[in-house]
Each structure stands twice: as structure tokens, then as C-alpha cells.
Protein chains: 2
Amino acid sequence: MNPLLPGGLALSGLEEQLLPPGTKGLALVEPLRQGALGVQGWNVLHGDTGYPVAVLKLSALRHNLAWMRDFCARHQVLLAPHGKTTMCPQLFGAQLAHGAWAITLATSVQVQVAHRFGVRRVILANELVAPGDMRAVLHLLREDPDFECFVLADSLAGVARLAEQAGAAGLARRLPVLVELGLDGKRAGCRTTDQALTVARAVERAPGLVLAGFEGYEGLLVSEDRDADLRAVAGFVAQLGALVREADDEGLFGAAEILLTAGGSAYFDLVARGCADLPALSRPLRAVLRSGSYISSDHGMYLEALAELDAREGSEPQSGLRPALELWSVVLSRPEPGLAILSLGKRDASHDAGLPIPLYRHGPGPGTPQALPDGCAIVKMNDQHAYLALPEGPIRALLAVGDLVGCGISHPCTTFDRWQLLLGVDDDYTVRTGLNTFF
Amino acid sequence: MNPLLPGGLALSGLEEQLLPPGTKGLALVEPLRQGALGVQGWNVLHGDTGYPVAVLKLSALRHNLAWMRDFCARHQVLLAPHGKTTMCPQLFGAQLAHGAWAITLATSVQVQVAHRFGVRRVILANELVAPGDMRAVLHLLREDPDFECFVLADSLAGVARLAEQAGAAGLARRLPVLVELGLDGKRAGCRTTDQALTVARAVERAPGLVLAGFEGYEGLLVSEDRDADLRAVAGFVAQLGALVREADDEGLFGAAEILLTAGGSAYFDLVARGCADLPALSRPLRAVLRSGSYISSDHGMYLEALAELDAREGSEPQSGLRPALELWSVVLSRPEPGLAILSLGKRDASHDAGLPIPLYRHGPGPGTPQALPDGCAIVKMNDQHAYLALPEGPIRALLAVGDLVGCGISHPCTTFDRWQLLLGVDDDYTVRTGLNTFF
């Protein structure tokens with residue numbers, strides 16, 4: 001039990017493990033027990049860590065956990081946050097302690113990791129197809145009667161493969177399947193209600209399977225045109241609702257409840273509201289959101305999307321989800337007046353949805369970091385370097401070799417996966433704890 | 001000692017470690033000793049692993065290791081391959097066994113990893129600036145008299161910081177420094193010969209430091225205009241040579257030999273040829289290439305660059321470096337006639353220098369993979385999915401849910417870092433060994 005992030009998963013092994021010299025983000029000269037990270041008196045602003053280093057602001061994490069718990073209670077939806085965002089057992093534990101109903105995952109390997117740390121209910125929000133991957137999941141279900149896993153199918157071929165492997169695994173229970181409804185021109189999923197019903201009927205007929213509900217991912221509709229997005233998301237959620245009703249009218253569902261799950265990290269409020277309009281069915285309908293990035297938010301793509309979500313919710317300004325994830329690096333070189341080279345590269349930071357956003361400058365030591373002026377921007381990254389362009393003005397004289405620079409990122413998923421250890425910090429950047437990832 | 005990849009580093013701990021269920025690329029249901037990977041009889045084409053899985057073709061690795069050893073002997077240059085490409089101790093060991101003089105690294109953490117596995121000489125081809133990072137490197141030099149590490153500086157501020165920390169560390173020897181010559185508008189490094197000489201003089205005067213040579217990175221000159229590149233690279237290497245000569249005339253060098261190091265993975269032949277033209281100096285000049293990606297090459301950016309290099313070398317066609325790295329994934333969904341969704345995402349594959357290149361299709365089981373027809377292309381990736389576009393033709397009927405697809409990648413550095421374990425395979429994709437990375 002971590003006093004900083006409440007949660008009850010099996011994390012004692014992580015606290016006991018020895019972090020070797022060569023652990024990214026730390027400047028260890030001898031191995032350190034992870035549980036002792038918080039008593040070293042280290043502060044990121046004082047130059048005590050290695051650079052780059054990935055930090056999570058604990059106050060922002062706690063705020064976001066409580067925010068999402070309250071959001072789901074207000075909208076009467078369940079939460080199965082997408083664990084692929086962080087793959088962090090400490091955060092899974094905190095999410096479950098804040099009422100998450102399950103953890104969502106994207107691959108069989110991720111399901112195994114979650115199970116290893118004690119997660120007891122998961123949604124594998126992906127088609128499960130390869131024999132070894134199926135065997136790995138079915139093994140957990142057979143060996144651990146307390147473990148629940150929902151999987152997706154979007155084709156008759158996929159249903160046949162699942163049925164064959166579930167039969168071969170000799171499960172004492174049926175494998176719960178969610179049929180995926182997709183979107184024309186987008187990713188996986190049936191393209192029409194008729195196709196989805198055809199797949200659902202096949203699930204219903206397969207001896208080792210049970211139709212547990214339907215799944216969709218409206219996050220694929222995010223575009224530059226927000227008004228169009230809002231209409232498209234509302235239409236998609238309505239289509240999912242109609243599909244659930246048709247399947248229920250046909251008597252295809254075989255579990256005590258019907259699951260309807262959607263919800264990325266930008267439009268989950270629209271999903272929650274759409275699910276509130278659904279008619280009564282033959283058994284309880286559970287609407288399950290799957291947002292993963294709410295836990296850390298970001299300074300890029302989600303910051304903007306979540307501000308709009310706040311506006312739709314009618315929230316007080318500044319009350320919404322807060323960016324928790326920052327990367328701190330050091331100025332390695334000032335080769336030209338308008339250029340600083342930072343120790344931060346593609347190996348360390350997201351670069352798929354915008355480059356990192358430079359926020360702060362700090363000359364190592366006591367004090368508070370200073371906001372960087374407008375016009376500072378990371379304009380390029382190599383594997384291990386970032387190019388920070390500096391506008392005309394005092395910053396060009398001020399920013400020196402050895403200064404620390406704090407950056408936000410856009411798209412947390414592709415930053416978390418660059419770090420096997422992130423540091424949980426207080427608001428003054430004192431290091432309090434370590435958070436592990438398993439990618 | 002690995003019979004598949006000769007090398008003498010301290011790797012027995014890796015062979016003895018238990019790989020847990022949840023190890024990406026494997027479909028384990030119970031822990032497996034890594035050293036037993038090669039006796040399972042697994043074959044990637046038979047569906048025995050998890051998907052996605054990253055494989056290295058052992059025959060291509062062995063070919064590339066020998067190719068580069070012979071290239072360096074022919075050109076009378078030393079090799080310090082950039083270890084940041086792979087961060088793989090097994091490959092470091094094989095590179096050293098094939099005559100590499102040192103391993104190049106980009107960060108202090110990478111230096112610590114290399115040292116942990118027994119590498120005895122490294123070039124930290126980067127400015128070393130943050131106090132903790134400096135202390136970590138200096139600690140190794142103090143505690144291990146057999147360990148050598150060269151570091152970069154490109155500013156008086158950087159030299160002062162190194163001198164201060166080297167003094168505080170109480171080293172029994174001076175820290176060897178290479179002054180970095182950069183390029184206008186590019187990354188770190190002094191922008192002029194005069195600036196570089198100023199920094200070199202500061203190194204020479206600093207009590208705990210010794211000027212060991214100069215460093216540059218011509219890889220930053222790679223552009224779309226190859227003819228312009230060739231002229232620019234030749235000019236840059238000549239500028240480095242002139243700088244070495246001026247510094248030697250001033251008596252700034254303080255070690256038994258003078259190092260001149262450059263050489264990325266596209267134009268290292270030009271560097272080797274440029275270094276052959278250098279005049280005699282007061283002591284032996286050692287030209288050191290740093291190509292990292294030669295070990296795996298790729299099916300993208302380097303495949304093309306290396307074909308041109310082969311032409312410059314006058315090599316026989318097909319005799320050059322071979323792509324060793326492939327990613328195999330499974331078709332999860334065939335939602336539209338021209339679209340297949342693969343279990344391969346940004347978490348698994350490079351996407352910074354082109355998306356993965358689809359090469360083969362295989363229905364799991366015995367037999368040889370079939371080349372995918374022209375027009376197949378990965379047109380988009382999400383975190384955990386790739387969108388494989390299929391041209392009109394038989395492939396649309398042929399490619400089914402559950403089929404395996406083998407892809408090459410462009411830019412090995414940003415694929416290696418997505419895998420903590422890659423599988424070394426024979427040409428028929430039998431799994432023979434595991435290769436670990438430490439990012």
C-alpha cells in the first residue's frame with residue numbers, strides 16, 4: 001500500500017527490487033532499493049537525478065483520479081481505464097482504488113502483466129487471434145477462477161478461432177466476447193449493424209463463448225473539425241445503442257449483464273451522455289468508459305480536448321484534469337544564439353502527436369523554475385537530442401549550458417513506453433516514489 | 001560465450017534470468033529461463049511466439065559483423081560502433097569479438113549499462129553536463145582502472161564543469177576529452193575551427209582533463225540531395241583534419257595517440273577515405289568510425305544509403321550489409337477489402353523515418369513465407385495497430401485473419417528501443433537465442 005497513491009495490488013516486489021546503475025532517469029553509482037527512492041532527499045530541480053528524467057506530479061495524479069471517479073459517479077458509468085497508456089502497476093492499483101471496475105488492455109502480453117500484479121478483471125479491447133496469444137489468456141482464465149477477461153471479435157473467422165481455442169483449453173466457464181463495431185475507413189470492427197449482428201449470432205452459437213456486449217472506439221473520429229466530431233460521435237454511440245437493443249431483442253446476450261463499452265480520452269463525456277439515453281433491456285446494461293490518458297493528461301493534444309470537455313460539462317475553469325507528466329533534461333550545448341541542445345530525444349519523449357512543449361527553465365539549485373517565454377519551441381528531435389529554438393530576447397543570454405529545462409508532452413502513451421521507471425514528485429519536485437512500467 | 005554470436009562479455013546472468021509471462025514477443029504461460037529459448041523448437045512462422053515479435057536474422061548479423069570488420073581493415077580505421085542503436089550486450093560482445101576498438105554511447109546511463117556487461121572502452125559521443133551524470137561516469141573511471149571513457153565538450157562552460165567534477169572525483173588519471181566540431185544550423189558542436197581551438201586550449205589547460213582528439217558527426221548532413229551531401233561530408237572531414245593539424249601544431253594533445261572520430265551509418269566510407277588523406281602528426285592518428293546501424297541495417301533509410309555506399313566501394317552487388325531486423329505480427333481484422341489491421345503499433349516499430357515495410361505473408365505452419373505483392377503498404381499506425389493497405393488483386397482474397405505478416409523497418413534505433421527481448425532466428429525463423437536491450 002503506497003501512502004502517496006492508494007491501491008492494493010501486489011507491488012511489494014517492485015519496492016524491494018534493486019535498481020542498478022544504468023537505470024534511466026537516475027544517476028546511481030551503486031544499486032538502490034526502489035523503496036528507498038523517496039528517502040534520498042532528491043529533488044529534480046537540484047540536479048540530484050540523471051537527465052533526462054520523467055516525473056509524475058503526485059498532486060495532479062491524485063486530482064485526476066478523484067476527478068474521474070466523480071465524473072463516472074455523476075454519469076452513472078463504469079470505468080475500465082486503458083492500461084496500455086501507462087502499463088504501470090502502481091497506477092493500475094490507484095485506478096482500482098478509485099473505483100475503476102476493470103483495467104482495459106490491448107494485447108495478451110499486457111493482460112499477463114496486469115494479472116501478474118493482481119488485476120482481477122480486464123477488457124482486452126482488441127481482437128485476440130494468434131494461437132499463442134489466445135493460449136496465454138485462456139491459461140490465466142483456467143488457472144485463476146477469480147480472473148475475468150473480456151475479448152473482442154469482429155469476424156466469423158475470429159469467432160471460430162476463439163471457439164476452437166476456448167474448447168481446447170477446457171475452460172470451466174464460457175469466454176465472454178464483445179463484438180466490435182467499427183467505422184468506415186477506420187480500424188478494426190464490423191462496418192455495419194448487420195455485420196455485427198452476424199458476428200454476435202456466431203458468438204451466441206459457439207459452445208465455449210458467451211456474448212457479453214458490444215464495443216466501439218469513438219476516439220478514431222477525432223479530427224480537426226470538432227463540430228463534425230461531436231455529431232459523428234453522437235451518431236456512433238446511438239448506433240451502438242441500437243445494436244445492443246437489436247441483439248437483446250434477438251436474445252443473443254448470455255451473461256447476467258450487458259456491457260456497452262466505448263470512450264477514448266477526448267470524447268468520453270459524449271459516450272457517457274449517449275449511454276444515458278439507452279432504453280431498458282432484458283437485463284442491466286453497464287456502460288463502461290475506457291479513457292486511459294486522463295490519469296496523466298498532457299500539455300498537448302489532450303490539454304485542448306479536455307478543456308473543451310470541461311466546457312461541455314459546465315465545469316469551473318481550472319477544475320478539470322491536470323497534466324501530471326513532465327520530462328526534465330539538461331542544456332548540453334548552446335551552439336548558436338537561437339538554439340539550445342537538450343539531453344532529450346525520441347528515446348525519451350513522444351514525437352507522434354507533436355514534439356515536447358518546453359515549459360520551464362531552472363538553474364540547478366533551490367528556488368522555483370521560471371516559465372520559458374513565448375516563442376520557445378522544440379523544433380526537432382534526434383534519438384537522444386532535442387533542438388530548442390529560442391526567440392529574440394533575454395532568454396538567449398539567460399539559458400546556459402547546465403540549465404535544466406522542463407517539458408510537457410503531447411500523447412502520454414508514447415512517452416510512458418520510453419521509461420521503465422518514472423519518478424513521483426511533490427509540487428516542489430522532491431522525489432517521493434518510483435513508478436514502474438512494463439512494456 | 002554464445003556459439004551463435006561470438007563474444008566474451010558478462011552475459012551469463014542474462015542467460016540465467018527467468019522471463020516471466022508477459023514478456024513481449026513470447027506467449028509464455030510460465031516463466032522460462034532465457035538460456036532455454038533456443039531448445040524449445042519454436043518457429044516464428046509456426047505461430048509459436050507471441051505477435052508482434054521482433055526477430056534478428058543471425059546469418060545477417062554474422063555477415064554484417066564480418067563485413068564491417070573487413071571494411072575497417074581495408075580502410076585502416078578503428079570501429080567504435082554506436083551502441084545506442086541496439087543497447088544490446090550480446091551485440092556489443094559480438095562487435096568487440098569482431099575487432100571493435102570501443103563502443104560508442106550517447107548518455108551516462110548507456111555508459112553504465114555497457115560497463116555493467118564488461119565493455120572496457122567507450123566513447124560518450126555527447127556533451128557530459130549534468131552533475132549526477134558526470135559523477136556516474138567519473139565513478140566508473142575511479143573504481144575501475146581498466147575502464148576507459150572519452151567524453152565530448154563544445155564550450156568553455158562545458159570544459160569548466162568537467163574540470164570541476166573531475167577534480168572533485170579524485171581521479172588518478174586525467175579524463176580524456178574530444179572537442180566536438182559541429183555544423184551551422186545543426187546540433188551541438190563548435191561552429192568554427194577557431195571556436196573549437198579555443199575549447200581545445202581550455203581542455204589542455206584544465207588540470208584534470210586531457211585533449212584526446214576531435215569529434216564530428218557528418219550524419220547530420222544527410223539530405224535529399226546526395227551529390228550535395230557527398231561534397232559537404234568531404235568538406236567537413238577535411239575541416240576536422242585541418243583542425244587536428246592546427247591543434248597538433250599548437251601542442252594541445254596530451255595522450256599517446258590522437259583520435260579523430262566521425263561516421264554515422266550512411267556516409268562512413270567517406271569519413272574513412274577522408275581520414276586516409278590526413279598528414280602525419282606528432283603522434284599516431286587513430287581514425288575511429290562510429291556507425292551503429294550497420295549491425296542490423298534496415299529495409300528503409302539505410303537500405304538505400306548502403307546500396308549507394310556499396311556502389312562507391314565498388315563492391316559486388318548483394319555483397320553489402322543485409323537487413324537483419326524484422327517484425328512479425330498477425331492479421332487481427334480484415335474489415336474492408338483493401339485493409340488489414342495488424343497487431344503492430346508505434347509501441348513496436350519505428351515510425352519516425354517511414355512506417356514499417358510489409359515484406360511477407362505466411363499462413364502459420366510449415367513452408368516458406370510468400371512475398372507480399374507490390375502496392376501493399378502500411379499507411380498508418382496507432383499505438384498498438386498498423387493499417388496495411390492492399391492493392392487490387394488476389395492478395396485481397398488471400399490475406400486472412402490469423403495470417404502472419406513480416407515487416408522490415410526504417411531506422412533500427414527506434415525499433416530496438418521498443419523491445420527488451422528480441423529473438424535471434426535462423427533463416428527458416430527457428431528461434432535460436434534471445435537478445436536483450438537496456439534502454
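As shown above, the structure is provided for reference.
Residues numbered from 1 in each chain as written. Chains lettered and ligands numbered in written order. Predicted model: local features only at pLDDT ≥ 70, side-chain atom pairs only at ≥ 80, totals over all residues. Heavy atoms only, no water.

**Some points on the environment of Leu332(B)**
Looking at the element boundaries, Leu332(B) is found in strand β12 (residues 325–336). Distance in space between the C-alpha atoms of Leu332(B) and Asp403(B) is 8.5 Å, their sequence separation being 71 residues. Not counting residues within four places of it along the chain, the set of residues in contact with Leu332(B) comprises Asn126(A), Glu127(A), Val129(A), Asp154(A), Ile341(B), Leu342(B), Ser343(B), His385(B) and Val401(B). (Helix = DSSP H or I, 4+ residues; strand = E, 2+ residues; numbered from the N terminus. Contact = heavy atoms within 4.5 Å.)

**Topic: the interface of chain A and chain B**
Each side of the interface is counted separately: chain A has 72 residues, and chain B has 72 residues. Summed over both partners, the interface of chain A with chain B buries about 5400 Å², with 52% contributed by carbon and sulfur atoms. Scanning the region where chain A abuts chain B turns up eight salt bridges. Across the pair Lys346(A) and Asp352(B) runs a salt bridge whose closest N-O atoms are separated by 2.4 Å. (Buried area = accessible area lost by both parts, 1.4 Å probe. Salt bridge = Lys/Arg side-chain N within 4 Å of Asp/Glu carboxyl O.)

**Re the relation of the copies chain A and chain B**
Structural alignment of chain A on chain B gives an RMSD of 0.0 Å, achieved by rotating through 180° and translating 0.0 Å along the axis. The symmetry that links the two subunits is that of a two-fold axis. The share of interface residues of chain A whose copies in chain B are also at the interface is 100%, consistent with both copies meeting through the same surface. (Least-squares fit on C-alpha atoms with pLDDT ≥ 70 in both.)

**Thoughts on the pattern of salt bridges**
A complete count under the given rule lists 46 salt bridges over all chains for this structure. We note a salt bridge from Arg432(B) to Asp426(B), for which the minimum N-O separation is 3.1 Å. When its relative accessible area of 21% is taken as the criterion, Asp426(B) is described as partly exposed. In the salt-bridge network here, residues are joined through shared partners; they are Arg74(A), Asp269(A), Arg273(A), Arg312(A) and Glu313(A). (Buried < 20%, exposed > 50% of the residue type's maximum accessible area, 1.4 Å probe, protein only.)

**A look at the environment of Leu270(B)**
Residues and elements named next belong to chain B. Summarising the element assignment, Leu270 is placed in helix α9 (residues 268–276). A residue is classified by how much of its surface remains accessible, and Leu270, at 15% relative accessible area, is buried. Here the alpha-carbon distance between Leu270 and Glu257, two residues 13 residues apart in the chain, equals 22 Å. Setting aside chain neighbours within four positions, we find Leu270 in contact with Leu230, Val233 and Arg312.

**Looking at the sheet that holds strand β11 (residues 285–289) of chain A**
Sheet strands line up and pair through hydrogen bonds in the backbone, either parallel or antiparallel. Residue and element names in this part refer to chain A. Taken in spatial order, the eight strands line up as β4-β11-β10-β9-β8-β7-β6-β5 in an open sheet, and their pairing is parallel. Every interior strand has two partners, whereas the edge strands, β4 (78–79) and β5 (103–105), have only one. With three bridges connecting them, β5 and strand β6 (residues 121–127) associate as parallel partners. Residue pairing across strands places Ile103 opposite Val122, the latter belonging to β6. (Pairing = 2+ DSSP bridges.)

**Digging into unusual backbone geometry**
Each neighbour pair has its own omega, and for Tyr51(A) with Pro52(A) the value is 10°, a cis peptide bond. Among the secondary structure elements, Pro52(A) is positioned in the loop between β2 (32–33) and β3 (53–57). Positive phi values are uncommon outside glycine, yet Gln76(B) reaches one of about 55°. Residue placement: Gln76(B) occurs in the loop between α2 (58–75) and β4 (78–79). Under the relative-accessibility criterion, Gln76(B) is labelled exposed at 73%. Within the chain, His411(B) stands out as a residue other than glycine whose phi angle is a positive 90°. Mapped onto the elements of the fold, His411(B) is located in the loop between β18 (404–408) and α12 (413–416).

**Considerations on the packing of aromatic side chains**
The full count for this structure, using the stated rule, is 16 aromatic pairs over all chains. When the ring of Trp101(B) is compared with that of Phe150(B), the centres are 5.9 Å apart and the planes differ by 35°; the resulting orientation is tilted. One end of the pair, Trp101(B), is in the loop between α3 (89–97) and β5 (103–105); the other, Phe150(B), is in strand β7 (residues 148–153), with 49 residues separating them in the sequence. No difference in accessibility class separates Trp101(B) from Phe150(B), as the two residues are buried. Three or more aromatic residues joined by ring pairs make a cluster, and in this case those are Trp67(A), Phe71(A) and Phe268(A). The lysine or arginine in question, Lys24(A), covers the ring of Trp419(A), its NZ or CZ lying 4.1 Å from the ring centre. (Phe/Tyr/Trp six-rings, centres within 6.5 Å; stacked < 30°, edge-to-face > 60°. Lys NZ or Arg CZ within 6 Å of the ring centre and 35° of its normal.)

**A closer look at helix α5 (residues 131–143) of chain A**
Residue and element names in this part refer to chain A. Its 13 residues give α5 an end-to-end C-alpha distance of 18 Å, which sits within 8% of 18 Å, the value for a rise of 1.5 Å per residue. When we look at burial in α5, the residues that qualify are Gly132, Asp133, Met134, Ala136, Val137, Leu138, His139, Leu140 and Leu141. For α5, the secondary structure elements touched by its buried residues are α4 (108–116), β6, β7 (148–153), α6 (156–169) and β8 (175–180). (Expected span 1.5 Å × (residues − 1).)

**Section: the packing of helix α7 (residues 193–205) of chain B against helix α8 (residues 226–249) of chain B**
All names here are of chain B. Two elements in contact, α7 and α8, have axes whose closest approach is 10 Å; the angle formed by their N-to-C orientations is 40°. Comparing the axis directions of α7 and α8 gives the class oblique. Crossing hand, α7 versus α8: right-handed. Note on element contacts: α8 touches α7 through Gln239, Leu243, Glu246 and Ala247, opposite Thr193, Ala196 and Leu197. (Axes fitted to C-alpha atoms, helices over the stretch in contact; angles between N-to-C directions. Parallel < 35°, antiparallel > 145°, perpendicular 65-115°, else oblique. Left-handed = near helix turned anticlockwise from the far one by under 90°.)

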